[in-house]
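Listed below are the residues making up each chain.
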Amino acid sequence: MAVRDLRTVFHTQDGVVHAVNGVSFHVDEGELLAVVGESGSGKSVAMMSLLKLLPIPPAEIASGEVIFQDRDLVRLEASELRQVRGARIGFVFQDPMTSLNPVFSVGYQIMEPLRKHMGMSRKAARQRAAELLDLVGIPSARDRLDDFPHQFSGGMRQRVVIAIALACDPKVLIADEPTTALDVTVQAQILELVRELRRKLGMAIVWITHDLGVAAGIADRIMVMYGGQIVEHATTAELFANPRHPYTRALLDSLPGRHGRDERLRSIGGQPPLLMADPAFCPFQARCAHAFERCLREDPPLERVAPGHDVACWLDVPEGGGRRDN
Ligand SMILES: Nc1ncnc2c1ncn2[C@@H]1O[C@H](COP(=O)(O)OP(=O)(O)O)[C@@H](O)[C@H]1O
Ligand SMILES: [Mg+2]
């Protein structure tokens, strides 16, 4: 899947919110791309735009291409897009309770996409549903098919949601902070499950998280978003070894354990941008210790600084005019 120059805005009573401002990236089969950034940076809106999972209006996909299997998803008819959505690209949302219907058994909810998109018989779909529950690590899977969502714990419900997303053998799985609502132990179990599924199934995975530590544990590549833009993109090893953008550095600094015995979380000062103005300056300038005059009047483009490592910062542009003190 390749995304080019995606821009998504919301038309609100207070004006236009520029939620996603020219995002480009790709993710290949067998690869796990993590999208990292604090709340409000545009991660969810960017990924929901790919499948038009947003209310349009108020949302509008102002520009961009989403090339998947030789077609541009932005330009597909609603009915064609529905096919892609349920079958070829799986989506897992943050809160499993909003993706599960409380009045249907989990078996029914896994069987539904199998029958709808893959034309399976009831019997075959039931068999496959049991296999899927087993695949995501639900004990006695076959006996749990007729249970309802409330009969599962939070972690087990998120496994069910993942099973539904995987039902039709998607080529891409997009997971939007699927472990945020879970406690740390269960979160670790889900992350282990994802590592295993990726090995077994080899699909492309886009994993959204506000936690750089989570991304470090599972991702091949990490894309850091801020103010609706990608500010840095690199392989996981490269990003941790050689972070360039002041925002990425601040995120790394705020990870627990980075400061010896002082385990207090260092938070980044200041507020995320409001996104009401057309971005004519660096989105991070108001919070950046290195900002200089150019950052206030020109938005830095995402530029390659090393093989597979892109940064959007005037400090990294030769003749950009800035100076890094550390
Ligand atoms: N329905 C909406 N109407 C107006 N603005 C929205 C709407 N949904 C999201 N936004 C805005 O889009 C921006 C990006 O939000 P989001 O993608 O949810 O961030 P993240 O997932 O990184 O926390 C935020 O400024 C948010 O306020
Ligand atoms: Mg979000």
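For every chain, the first residue of its written sequence is number 1, and the numbers climb from 1 along that sequence. Numbering of ligands from 1 and lettering of chains from A proceed in the order in which they are written. For this predicted model, a pLDDT threshold of at least 70 governs which residues receive local features, and a threshold of 80 or more governs which side-chain atom pairs are given and counted, while totals over whole chains, interfaces and linings are taken from all residues. With hydrogens and water excluded, all non-hydrogen atoms of the structure serve as input to the side-chain values.

Describing the pattern of salt bridges
Right, so step 1: One speaks of a salt bridge when a side-chain nitrogen belonging to Lys or Arg is within 4 Å of a carboxyl oxygen belonging to Asp or Glu. Tallying each qualifying case throughout the model produces 17 salt bridges.
Right, so step 2: The salt bridge partner of Arg 195 is Glu 192, with a shortest N-O separation of 3.2 Å. Placement of both Arg 195 and Glu 192 in helix α8 (residues 184–201) is noted, with a separation of 3 residues, approximately one turn of the helix.
Right, so step 3: The closest approach of N and O atoms between Arg 198 and Asp 220, which form a salt bridge, is 2.7 Å. Of this pair, Arg 198 sits in helix α8 while Asp 220 sits in the loop between α9 (212–218) and β9 (221–226), and the two are 22 residues apart along the sequence.
Right, so step 4: Accessibility here uses a 1.4 Å probe with only protein chains present; expressed as a share of the type maximum, an area under 20% marks a residue as buried, one over 50% as exposed, and anything in between as partly exposed. Residue Asp 220 is classed as partly exposed on the basis of its relative accessible area of 31%.
Right, so step 5: If you follow the salt bridges from partner to partner, you end up with Glu 293, Arg 294, Arg 297 and Glu 298 in one network. We count a stretch as a helix when DSSP gives it H or I for four or more residues in a row; a strand needs E for two or more, and each element gets its number in order from the N terminus.

Considering the packing of helix α7 (residues 154–166) against α8
Right, so step 1: Helix axes are fitted to C-alpha atoms over the stretch in contact, other axes to C-alpha atoms as well, and angles between N-to-C directions run from 0 to 180 degrees. Where α7 meets α8, the axes come as close as 10 Å, and the angle between the chain directions of the two elements is 20 degrees. Taken as axis vectors, α7 and α8 run roughly parallel relative to one another. In terms of crossing hand, the pair formed by α7 and α8 is right-handed. Two secondary-structure elements touch here, α7 through Gly 155, Gln 158, Arg 159, Ile 162 and Leu 166 and α8 through Val 186, Gln 189, Ile 190, Leu 193, Leu 197 and Leu 201.
Right, so step 2: Just so you know the grouping, Ala, Val, Leu, Ile, Met, Phe, Trp, Tyr, Cys and Pro go in nonpolar, Asp, Glu, Lys and Arg go in charged, and all remaining residues, Gly too, go in polar. A per-class count over the contact of α7 with α8 returns 7 nonpolar, 3 polar and 1 charged. Here is the rule for angles: anything less than 35 degrees is roughly parallel, anything more than 145 is roughly antiparallel, 65 through 115 is roughly perpendicular, and the remaining ranges are oblique. The crossing is said to be left-handed when, going from far helix to near helix, the turn is anticlockwise and less than a right angle, and right-handed when the turn is clockwise. Working rule for contacts: check all heavy atoms of both residues, and any pair within 4.5 Å makes them a contact.

Some details on the packing of aromatic side chains
Right, so step 1: Here a pair means two rings of Phe, Tyr or Trp (six-membered ring of Trp) with centres within 6.5 Å. Their orientation is stacked below 30 degrees between planes, edge-to-face above 60, and tilted elsewhere. Applying the stated criterion across every chain yields a total of 5 aromatic pairs.
Right, so step 2: Both rings, one in Phe 91 and one in Phe 93, keep their centres 4.7 Å apart while their planes meet at 35 degrees; by these two values the pair is tilted.
Right, so step 3: Take Phe 91: its relative accessible area is 13%, and that puts it in the buried class.
Right, so step 4: Distance and angle both matter: a charge sits over a ring if NZ of Lys or CZ of Arg is within 6 Å of the ring centre and within 35 degrees of the ring normal. The positively charged end of Arg 144 is found above the aromatic ring belonging to Phe 152, 4.0 Å away from the centroid.

Quick notes on the confidence of the model for the protein
Right, so step 1: A residue's pLDDT is simply how confident the predictor is in it, with values from 0 to 100. Overall, the prediction assigns the protein a mean pLDDT of 88, with 92% of residues at 70 or greater.
Right, so step 2: Averaged pLDDT values for the elements of the protein fall to 72 in helix α3 (residues 96–99) and rise to 97 in strand β10 (residues 229–235).
Right, so step 3: A low-confidence stretch, residues 260–265 stays under pLDDT 50, and its non-local contacts, those more than four residues away or across chains, total 5 contacts.

Side note on the site of ligand 1
Right, so step 1: Close to ligand 1 lie Phe 10, Thr 12, Ala 19, Glu 38, Ser 39, Gly 40, Ser 41, Gly 42, Lys 43, Ser 44, Val 45 and Leu 275.
Right, so step 2: Note that an oxygen atom of ligand 1 is positioned 2.7 Å from one of the backbone N or O atoms of Gly 40.
Right, so step 3: With respect to ligand 1, the backbone of Ser 41 contributes an N or O atom lying 3.1 Å from an oxygen atom.
Right, so step 4: Methods summary: accessible areas were calculated by the Shrake-Rupley approach with a probe of 1.4 Å, and residue burial reflects only the protein chains presented. Here ligand 1 loses 67% of its free accessible area of 570 Å² to cover by the protein chains.
Right, so step 5: A per-element tally of the shell around ligand 1 places helix α1 (residues 43–50) first, with 3 residues.
Right, so step 6: Split by residue class, the shell around ligand 1 holds 4 nonpolar, 6 polar and 2 charged. Only a single heavy atom is needed: when it lies within 4 Å of a molecule or strand, its residue is near that molecule or strand. Pairs of N or O atoms within 3.5 Å make up the polar contacts considered here, provided that, within protein, one atom can donate a hydrogen while the other can accept it, and that residues adjacent in sequence are counted only when both atoms are side-chain atoms.

Topic: the nonpolar core
Right, so step 1: By nonpolar core we mean a set of buried residues, namely Ala, Val, Leu, Ile, Met, Phe, Trp, Tyr and Cys, connected to one another through side-chain atoms within 4.5 Å. Core analysis: the biggest nonpolar cluster contains 65 residues, and Leu 133, Ile 162, Leu 166, Trp 207, Leu 212 and Ile 222 have the highest contact counts within it.
Right, so step 2: In this structure Ile 222 touches Leu 33, Ala 34, Val 36, Leu 212, Ala 215, Ala 216, Glu 232, His 233, Ala 234, Thr 236, Leu 239 and Phe 240, once residues within four positions along its chain are discounted.
Right, so step 3: Formed by 39 residues, the second largest nonpolar core is a distinct cluster that contains Met 1, Phe 25, Ile 89 and Phe 91.

Concerning the environment of Asp 147
Right, so step 1: With respect to the helices and strands, the residue Asp 147 is situated in the loop between α6 (141–144) and α7.
Right, so step 2: Expressed as a C-alpha distance, the spacing of Asp 147 and Leu 50, which sit 97 residues apart in the sequence, is 33 Å.

Focus: the state of the cysteines
Right, so step 1: We call a pair of cysteine sulfur atoms a disulfide when they lie within 2.5 Å. According to the stated counting rule, one finds 0 disulfides in the structure shown.
Right, so step 2: Counting only cysteine sulfurs, Cys 313 is the nearest neighbor of Cys 288, a cysteine outside any disulfide, at a range of 6.2 Å.
Right, so step 3: Taking relative accessible area as the criterion, Cys 288 reaches 18% and is therefore assigned buried.
Right, so step 4: Here Cys 295 is not disulfide-linked; the sulfur of Cys 282 is the nearest cysteine sulfur, at 6.0 Å.

Overview of helix α11 (residues 246–253)
Right, so step 1: Among the 8 residues that make up α11, 6 are buried, leaving the element largely enclosed by the rest of the structure.
Right, so step 2: Of all the positions in α11, only Pro 246, Tyr 247, Thr 248, Ala 250, Leu 251 and Leu 252 are classed as buried.
Right, so step 3: The secondary structure elements touched by the buried residues of α11 are β3 (32–36), α9, β9, β10 and α10 (236–241).

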